[in-house]
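Single-letter residue listing:
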Amino acid sequence: VQRQCILPIVFDGYRIGGAYRIDLLVDRQLVVEVKSVQRILPLHEAQVRTYLRMSGHKVGLVLNFNTVLLRDGIRRISV
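Residues numbered from 1 in each chain as written. Predicted model: local features only at pLDDT ≥ 70, side-chain atom pairs only at ≥ 80, totals over all residues. Heavy atoms only, no water.

1. Observations concerning the side chain of D23
Mapped onto the fold, D23 is located in strand β2 (residues 14-26). No salt bridge forms around the buried D23; measuring N to O, its nearest opposite-charge neighbour K35 is 5.8 Å away. Discounting residues that sit within four places of it in the chain, D23 has contacts with Q2, R3, Q4, V32, E33 and V34. (Helix = DSSP H or I, 4+ residues; strand = E, 2+ residues; numbered from the N terminus. Buried < 20%, exposed > 50% of the residue type's maximum accessible area, 1.4 Å probe, protein only. Lys, Arg positive; Asp, Glu negative; His and termini not counted. Salt bridge = Lys/Arg side-chain N within 4 Å of Asp/Glu carboxyl O. Contact = heavy atoms within 4.5 Å.)

What follows is the structure, encoded as structure tokens:
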């Protein structure tokens, strides 16, 4: 598991380092975004989709720890 993986942006030949940070990258394949919010919003899912597109990974998870049962706070995202 890698924590706080920096995901740079390259636009028009310019590289912006540290623009995005992936919370957890598991086995160099699974992007995990950790949240503690009332409920998972479409904005949180869009954030993971952006990370997936920019990093070239296929699958991501949004984990919301602000739930009674953790399984109710897991959302799978794929591109």
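Having seen it, we continue.
2. A short note on the environment of V26
Within the element layout of this structure, V26 appears in strand β2. Once the C-alpha coordinates of V26 and D72 are considered, the two residues, 46 residues apart in sequence, prove to be 21 Å apart. For V26, the residues in contact, after removing those within four places along its chain, are V1 and V32.

3. A word on unusual backbone geometry
Here D12, not a glycine, exhibits a phi torsion of approximately 50°, which is positive. Phi angles above zero are rare outside glycine, and D27 is one such case at about 55°. Inspection of the secondary structure puts D27 in the loop between β2 and β3 (30-35). Residue classification places D27 among the exposed residues on the basis of a relative accessible area of 59%.

4. Points about the nonpolar core
Counting eleven residues, the largest nonpolar core consists of C5, L7, I22, L25, V31, I40, V48, Y51, L52, V62 and I77. Examining the composition of this core, we find that three residues originate from one element, helix α1 (residues 42-55), more than from any other. In contact with I22, other than residues within four places in its own chain, are R3, Q4, C5, L7, V31, V32 and Y51. (Core = buried A, V, L, I, M, F, W, Y, C linked by side-chain atoms within 4.5 Å.)

5. Looking at the pairing of β3
The pairing of β2 with β3 spans three bridges and is classified as antiparallel. When the bridges of β3 are listed, V26 appears paired with L30. Turn length for the β2-β3 hairpin, with the two strands adjacent in sequence and antiparallel, is three residues, and the turn residue D27 shows positive phi of about 55°. Pairing of β3 with strand β4 (residues 59-64), which is carried by six bridges, proceeds in the parallel orientation. Directly across from V34, in β4, lies its bridge partner L63. In the classification by handedness, the crossover that spans β3, the intervening α1 and the parallel β4 is right-handed. (Pairing = 2+ DSSP bridges. Right-handed = clockwise from strand over helix to strand, strands pointing away.)

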